[in-house]
Amino acid sequence: MMKDFMMIWAGNLVSSVGSGMTAFAVAVYVYQGTGSATWVSIATLLAYLPTILLSPVGGILADRYDRRLMMICGDSLSVIGLLVIFFSVQTGDFGIPAVLLGVTISSIFGSLLGPAYKATVTDLLTEEQYAKASGMIQISGASKYLLSPFLAGIILSFSDIKVILLIDMATVFVTVVAVALVRKHIPAVKKAADDFNFFREFNQGMKSITANKGVSSLVWLMAFMCFFVAFIQTLMAPMLLAFTDAKTLGFIESVSAVGMLVGSIIIGIFNIKYNFPKILTISLMAAGVFMAMTGTTTNVRLITVFCFLFFMALPFINTCADVLIRRRIPNELQGRAWGMISVLTQVGYIVAYAGCGLLADYFFAPMLMEDGILARSIGQWIGTGEGRGIGFMLMITGISMFGLAFVFGSTKSITEMRGTANEVDVS
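Please read these numbers as outputs of a predicted model, since none were measured by experiment. Think of each chain on its own: its residues are numbered from 1, step by step along the sequence as written. Given that the model is predicted, a residue must reach a pLDDT of at least 70 before its local features are reported, and side-chain atom pairs must reach 80 or more before they are shown or counted; all residues, however, enter totals for whole chains, interfaces and linings. The basis for every side-chain value is the complete set of heavy atoms in the structure, and neither hydrogens nor water enter the calculation.

## Topic: the overall build of the chain
And then number 1: A run of DSSP states H or I qualifies as a helix once it reaches four residues; a run of E qualifies as a strand once it reaches two. Both are numbered from the N-terminal end. Broken down by element type, the chain carries 19 helices and zero strands.
And then number 2: For each residue, the accessible area found with a 1.4 Å probe, counting protein chains only, is set against the maximum for its type, and the residue is called buried under 20%, exposed over 50%, and partly exposed in between. Across the 427 residues in the chain, those meeting the buried criterion constitute 56%.
And then number 3: Residue pairs in contact within the chain that sit at least 24 positions apart in sequence constitute 86% of those at least 6 positions apart.
And then number 4: By element, 68% of the accessible surface of the chain is carried by carbon and sulfur atoms, the whole surface being about 17800 Å². What makes two residues a contact is simply this: any of their non-hydrogen atoms within 4.5 Å. Residue burial considers only the protein chains on display, and all accessible areas are found by Shrake-Rupley using a 1.4 Å probe.

## Some details on the packing of aromatic side chains
And then number 1: Side-chain rings of Phe, Tyr and Trp (the six-membered ring for Trp) are treated as a pair once their centres are within 6.5 Å; stacked means planes under 30 degrees apart, edge-to-face means over 60, and tilted covers the remaining angles. In this structure the tally under the stated criterion is seven aromatic pairs.
And then number 2: Every member of this aromatic cluster is reached through a ring pair, and the members are Phe-227, Phe-228 and Phe-231.

## Some points on a nonpolar patch on the surface
And then number 1: A contiguous nonpolar patch, built from Leu-147, Phe-150, Leu-151, Ile-154, Phe-158, Phe-251 and Val-255 and spanning about 610 Å² of accessible area, is present on the exposed surface.
And then number 2: Those elements giving two or more residues to the nonpolar patch turn out to be helix 8 (148–158) and helix 12 (246–256).
And then number 3: Considering each element in turn, the nonpolar patch owes the most residues, four residues, to helix 8.
And then number 4: Tracing the backbone shows Leu-147 in the loop between helix 7 (130–146) and helix 8. The patches described consist of residues with a relative accessible area above 30% and no salt bridge, like charges being joined within 9 Å and nonpolar side chains (Val, Leu, Ile, Met, Phe, Trp, Tyr) within 5 Å. A carboxyl oxygen of Asp or Glu within 4 Å of a side-chain nitrogen of Lys or Arg is what we treat as a salt bridge.

## Section: helix 4 (residues 79–91)
And then number 1: One less than the residue count of a helix, multiplied by 1.5 Å, gives the span that helix is expected to have. Taking 1.5 Å of rise per residue, 13 residues should cover 18 Å, and helix 4 covers 18 Å from first to last C-alpha, within 8% of that figure.
And then number 2: The set of residues buried in helix 4 consists of Val-79, Gly-81, Leu-82, Ile-85, Phe-86, Ser-88 and Val-89.
And then number 3: Phi turns positive one or two residues past the end of helix 4, at Gly-92, with a value near 70 degrees.

## Overview of the side chain of Thr-171
And then number 1: Inspection of the secondary structure assignment puts Thr-171 in helix 9 (residues 161–184).
And then number 2: When residues no more than four places from it in sequence are discounted, the contact partners of Thr-171 are Val-14, Ser-15 and Gly-18.

## What about the environment of Gly-11?
And then number 1: Inspection of the secondary structure puts Gly-11 in helix 1 (residues 2–34).
And then number 2: In the structure, Gly-11 is positioned 165 residues away from Val-176 in sequence and 7.4 Å away in space, judged by C-alpha atoms.

## Looking at the pattern of salt bridges
And then number 1: Under the defined criterion, the tally for this structure stands at one salt bridge.
And then number 2: Note that Asp-160 and Lys-162 form a salt bridge whose closest N and O atoms lie 2.6 Å from each other.

## Let's talk about the packing of helix 14 (residues 276–294) against helix 15 (residues 300–326)
And then number 1: Axis geometry follows a simple rule: fit a line to the C-alpha atoms, using only the stretch in contact for helices, then measure angles between N-to-C directions, giving values from 0 to 180 degrees. Contact pair helix 14 / helix 15: the axes reach a minimum separation of 8 Å and the direction vectors enclose 155 degrees. With respect to helix 15, the element helix 14 is oriented roughly antiparallel. Pair helix 14 / helix 15 crosses with left-handed handedness. Mapping the contact onto sequence places Phe-276, Pro-277, Ile-279, Leu-280, Ser-283, Leu-284, Ala-287, Phe-290, Met-291, Met-293 and Thr-294 in helix 14 and Ile-303, Phe-306, Cys-307, Leu-309, Phe-310, Ala-313, Phe-316, Ile-317, Cys-320, Ala-321, Val-323 and Leu-324 in helix 15.
And then number 2: Each residue gets one of three labels, nonpolar for Ala, Val, Leu, Ile, Met, Phe, Trp, Tyr, Cys and Pro, charged for Asp, Glu, Lys and Arg, and polar for the others, Gly among them. Here the contact of helix 14 with helix 15 is composed, by residue class, of 21 nonpolar, two polar and no charged. Just so you know how the angles are binned, under 35 degrees is roughly parallel, over 145 roughly antiparallel, 65 to 115 roughly perpendicular, and the rest oblique. The handedness criterion is simple: a crossing whose near helix is rotated anticlockwise from the far helix by less than a right angle is left-handed, and one whose near helix is rotated clockwise is right-handed.

## Points about the environment of Leu-344
And then number 1: One can find Leu-344 in helix 16 (residues 334–367).
And then number 2: Residues Leu-344 and Val-219, 125 residues apart in the sequence, show an inter-C-alpha distance of 7.0 Å.
And then number 3: Beyond its immediate chain neighbours, meaning those up to four positions away, Leu-344 contacts Met-206, Ile-209, Val-219 and Ala-223.

## Considerations on the environment of Thr-304
And then number 1: Looking at the element boundaries, Thr-304 is found in helix 15.
And then number 2: For Thr-304, a relative accessible area of 14% gives the class buried.
And then number 3: Considered as a pair, Thr-304 and Phe-251 are 53 residues apart in the sequence and their alpha carbons are 9.6 Å apart.
And then number 4: Apart from residues lying up to four places away in sequence, Thr-304 is in contact with Ile-252, Val-255 and Ser-256.

## Details of the confidence of the model for the chain
And then number 1: pLDDT: the predictor's confidence for each residue, scored from 0 to 100. For the chain, the average pLDDT comes to 78, and 84% of its residues sit at 70 or higher.
And then number 2: Below pLDDT 50 for its whole length, residues 419–427 participates in 26 contacts with residues either more than four positions away or in separate chains.

## A look at the packing of helix 12 against helix 15
And then number 1: Contact geometry of helix 12 with helix 15 gives a least axis separation of 8 Å together with a crossing angle of 40 degrees. One way to sum up the angle between helix 12 and helix 15 is to call them oblique. In terms of crossing hand, the pair formed by helix 12 and helix 15 is right-handed. Between helix 12 and helix 15, the contacting residues are Ile-252, Val-255 and Ser-256 on the first element and Val-300, Thr-304, Cys-307, Phe-308 and Phe-311 on the second.
And then number 2: Considered class by class, the residues forming the contact of helix 12 with helix 15 number six nonpolar, two polar and no charged.

What follows is the structure in structure tokens.
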């Protein structure tokens, strides 16, 4: 079934490039229109919040109905949000609020896609192929940071966000066709559509996580990781735009994100099979160090190197957590489990997105202006002025990520995760 998985993956790759271009363009559009990191963080929050909150619903549906059909519906309906953004920019009548509305609509329908895509991996592949598939999935995820910023930056240098939105809409059709072709000759497992009880299904999804101490510990660890990663995702653009332009920003993000592609390719080629807990902890600690170093300088080349290394560590983190969890949850619970895991882990994103922009604009930025309270101390090392407060934030979050990985990763419940049995009992 690897051939069928690859077709779905290829469609998702194209869609990922399109959505990544839109995310980049929206961040630049909002920042240029407001000059505020807070508004950028709000836009990022609205792009993730509905998907995160609705993931349990998407997960329950993925366990009861055709997962491939859900992927088609989720991707197709997300175009509605893109149209809202397009017409808002085209007419210029509704401004930033309409753009935020469009982002939110796309995110709502995206909640149907994630859990179904995750569960489809278990449908199509054997356990020995999980790590390889995880690496491939992360290659498509890396495209948002690898190809998308570079392409979007070039387009924005001679055109505007409308062209990018049209391209993103076109990529949806590629994804839908790929999934539809696979769906034609893979009989979907018939799901029981009767006796539906949302709260019972919700409880089973939660119990599939809490019944295993190792799984629940991993979920907590990944929630904290998401919290820290959200800072660099949200604040990198405002920090760099303080001393460079959108084209250069796109180039920097693309080149630095080659690291994520390299990490994913290494996993895909060598197919990690052992020492998942150890690799997870070491990768988290390394990512924390590289994040902290990113905030120490305004040198574009050094920032690119540190981001490259940071993104290179992420596929190892995600793959190890993915395999360790997937092995311990039965296939019939995969949709519900991944829906709940998405909510629980990505609460970290929500908290960070809601607060990091405000912290950057009103707390850290003033401290590292030329007359700020840290200008003669920390400022002597990392510099002062626009964007340096964000740099200091990245230093703090990177150090915190390192420390938490060291403490959490050494807990017995994670280090002793062994075996391949699906051990969960939700009866």
